[in-house]
Structure formats: C-alpha cells, structure tokens
Amino acid sequence: MDGLDLIKTFREVAFRRSFSRAAISLGMSKATVSRYVAELETRSGVRLLNRSTRSLSLTDAGQVLLERSTELVAMAENTLNDLQAHGSHPQGRLRMSAPHGLIAGWLSDVIAEFIKRYPEVYVSLVFTNDDLDLIEKGIDIHLTGGRIDDMNLIVRRLVQFDMVVCASPAYWAQRGIPQVPEDLAKHAVLSYSAMPTTHLPFETNGKPHDVAVHSRMEANDAIALIELALRGVGVAYVPEPLAQSHLERGALVPVLRDHMPHEHWLYAAYSQRRHNSAAMRAMLDFLEQSMGPNGEFPQVMPPAQPVALTATCAPSREPVAVRATASAGRTGKPPPQ
C-alpha cells in the first residue's frame, strides 16, 4: 500500500469519526481501514487518533495531518484526472522526428490538419536523417524509411513506396541513358553515403543484386540529391515520392524502371509503453488516414507545369503506383534516404 492510500483512508475516518462508516464509504472492510490507519501511525511514529469503545477523535498530530494533507490529496487527484484525460482525449505535448525530405509538403499538411483538429495538442518536430534513441531523446513517434532493428520499438507500416534512378534531361542527353544497372558505373552518382564508392540495390528478373557505382558526391538528405540532380550534376537514387513532382513535369527523367526493388516502406516507430497517450494514438491513426484514397503515398511537392521532353530523354514508362498497408512489420533492406 502506498502512503497516499493510507492518508486518504485516514482522512475518511477523521471526517466520519468512525471506522465502520469510513469502511462503507471507501468500499473496504473495517479491518482493512483499521490496518491502514495503524500502518500510517507506524510510519509517522505518532498516534493520529484517540480511540475508545464509544468515540473517536483526532490527536494534535492527527489534526495537523488532516489540515496539511488537504492540498496534497487534491493535487494528487487532479494530477490523476489529468493523466486519465491524456489517455482518453488528445492533449499535451507530442514529440515527433522525421527525415528532412518529409517536410516538403505531405508532413506539413498532416501536422497542419492535426493541430486544427486537436487544438490541445502541442506538436514538437525534430528533423533528422540519423538513427535516434527514442527514449533518450523523448521522441513519441519516429518516421523513417530505413531499417529498424531495435526490438524495444513497435513498428507500424504506413505506406510502401518505390525508389527511382533519375537525372535531368540535359544530363542524359550528354552522358547517355543506362540500359542495365551496371551501366551506372560510367555515370556520376549522387549518393546517400559517406563513402566515395558505394553499392545500389536493384532487381533483375526478380533476383536482387547490388551494383557498384562511383559516387560523384554524397549527402545525408535526399532532397539535396534531388536538387543537385535537377541542376545536371549527376544521377540520383532516391525515394520516388520525394521526386514525383519533378518526374511528372519532366525536370527529372527516370531510368531502369524494370530493375527497381519494391520493398521499401515508410514506418512509424514508437517505444513499447504500457500506456500511450491519446495524442500519440490519434497521430498514428491520422498518419495512416492521410495516405491517398488508393493507399498511395501522398503528393509531397506541388506539381508544376509539364515541360516538353526530347525523344532521347523520354521516361521509360509511367510512374508505378505505390501501395500501402496498415499492418505492422519490418523490412530486411533499408532504402537510401
């Protein structure tokens, strides 16, 4: 039994001047009420009640405890009520982390609509492409497109997406369009890597394989790679949703469509807690509901007007629709960010 329960039981006895009446009010046996008061007296080292066969009264110490415990019990009950409200109604602080690229449209729309719907929730966003210790950093929900190996986290799949190899029409016109993944060895690749030479995952005839490529430069942000690809610097291997608007208007041209793997997911990860807040549960549901009507990844950048492409730089085929599911799980292969 904790001290607060002992104090609350003592207060009930003091108000009702009877162990029997206090027991009825608390829904406890008279023996339990008597044991609680005796335990409180033992812990405090003083007698709190004067008992006789006919009457019950407070000692001086009991009167002091009754007066000083009023604010304590009220504060504890108010705090408990607030905590229960947090568990049933979205409110309070919700701290999230996500890759930098997600702020370019979709996540901004989600957060804007969420805080309009739940005005009592304060959302704190941390943008990073690094792995985080969610407990240490106080993160409630972590969005990521990479592999999650921490078995202490619960992982919810939000949406499946494709990767794309793309470059500007001017770059392809100058360097030629690769026909097979191995042709990328002759191209300047903009990589999500700290290594000057890296490997990119592909599939040929349903069989996965990695292709060694030369990295022209590297960055830890897919949006930076897309911006450089738009300027004709090299070839980017990035999540397709982040480049979708540029692909649709022809500013970037995809290649090697038939060789791209299709097992990349955007995940929401959160720690295994016994009681997750209502704000956190509401945000997880909100993220899932924000996906397109057919389960596709939402548009993350405003579409621009299409531009004409030369025949030599035409896309190999139309963008593949991506798929979504709400089932939990992990992927065995991390996509570049």
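It should be emphasised that the depicted structure is a prediction, and the values quoted were computed from it without experimental measurement.

Conventions and cut-offs
- Residues numbered from 1 in each chain as written.
- Predicted model: local features only at pLDDT ≥ 70, side-chain atom pairs only at ≥ 80, totals over all residues.
- Heavy atoms only, no water.
- Buried < 20%, exposed > 50% of the residue type's maximum accessible area, 1.4 Å probe, protein only.
- Helix = DSSP H or I, 4+ residues; strand = E, 2+ residues; numbered from the N terminus.
- Pairing = 2+ DSSP bridges.
- Salt bridge = Lys/Arg side-chain N within 4 Å of Asp/Glu carboxyl O.
- Axes fitted to C-alpha atoms, helices over the stretch in contact; angles between N-to-C directions.
- Contact = heavy atoms within 4.5 Å.
- Parallel < 35°, antiparallel > 145°, perpendicular 65-115°, else oblique.
- Polar contact = N/O pair within 3.5 Å; in protein donor to acceptor, adjacent residues only side chain to side chain.

Chemist: Describe in detail the pairing of strand S7 (residues 163-167), supporting the description with residues and values.
Modeler: Among the five residues of S7, five are classified as buried, and the element is accordingly described as predominantly covered. Across the two faces of S7 the burial is the same, with Met-163, Val-165 and Ala-167 and Val-164 and Cys-166 all buried. Of the strand pairs in this sheet, S7 and strand S11 (residues 235-239) are connected by four bridges, and their pairing is antiparallel. Bridged to Cys-166 within S11 is Ala-236. Sheet topology note: the S7/strand S12 (residues 253-255) ladder contains three bridges and is antiparallel. By the bridge assignment for S12, Ala-167 is matched with Val-253.

Chemist: Account for the pattern of salt bridges, with residues named and values stated.
Modeler: Under the definition given, this model contains eight salt bridges. One salt bridge in this structure joins Arg-43 and Glu-39, with 2.9 Å as the shortest N-O distance. Here the residue Arg-43 and the residue Glu-39 both occupy positions in helix H3 (residues 30-44), the gap between them amounting to four residues, near one helical turn. Judged by its relative accessible area of 47%, Arg-43 falls in the partly exposed class. Classification of Glu-39 as partly exposed rests on a relative accessible area of 27%. With a shortest N-O distance of 2.9 Å, Glu-227 and Arg-231 are connected by a salt bridge.

Chemist: Lay out the sheet that holds strand S3 (residues 92-98) with the relevant residues and their values.
Modeler: Spatially, S4-S3-S5-S13-S6 is the arrangement adopted by the five strands of the open sheet, whose pairing is mixed. Pairing within the sheet leaves two strands with one partner each, and these edge strands are strand S4 (121-127) and strand S6 (153-161). Going from strand to strand, the sheet's axes swing by 20 degrees on average, the running direction of each strand aside. Summarising the sheet, S6 and strand S13 (residues 264-271) pair through eight bridges and their orientation is antiparallel. Bridging across to S13, Leu-153 finds its partner in Ser-271. Here helix H5 (residues 106-117) sits on the sheet and contacts S3, S4, strand S5 (141-144) and S13; the angle it forms with S4, its principal contact strand, is near 165 degrees.

Chemist: Tell me about the packing of helix H2 (residues 19-26) against H3, and please be specific about residues and values.
Modeler: Running from N to C, H2 and H3 point in directions that differ by 105 degrees, and their axes come no closer than 8 Å. Classified by the angle between their axes, H2 and H3 sit roughly perpendicular to one another. Within the contact between the two elements, H2 uses Phe-19, Ser-20, Ala-22, Ala-23 and Leu-26 and H3 uses Lys-30, Val-33, Ser-34 and Val-37.

Chemist: Requested: an account of the side chain of Arg-11, with residues and values cited.
Modeler: Structurally, Arg-11 is set in helix H1 (residues 3-16). Overall, the relative accessible area of 10% leaves Arg-11 in the buried class. A polar contact of 2.9 Å, which involves the side chain of Arg-11, links it to the backbone oxygen of Leu-66. Those residues in contact with Arg-11, other than ones at most four positions away along the chain, are Leu-66, Ser-69, Thr-70 and Val-73.

Chemist: Describe unusual backbone geometry, and please don't skip the residues or the numbers.
Modeler: Note: most peptide bonds trans; most residues except glycine with negative phi. A positive phi angle is found at Asn-205, which is not glycine, with a value near 55 degrees. For Asn-205, the position within the fold is in the loop between strand S9 (197-204) and strand S10 (207-218). Given the relative accessible area of 76%, Asn-205 is considered exposed. Even without being glycine, Leu-256 reaches a positive phi, approximately 60 degrees. Structurally, the position occupied by Leu-256 is in the loop between S12 and S13. Residue classification places Leu-256 among the buried positions, given a relative accessible area of 6%.

Just geometry here; none of it tells us what the structure is for.
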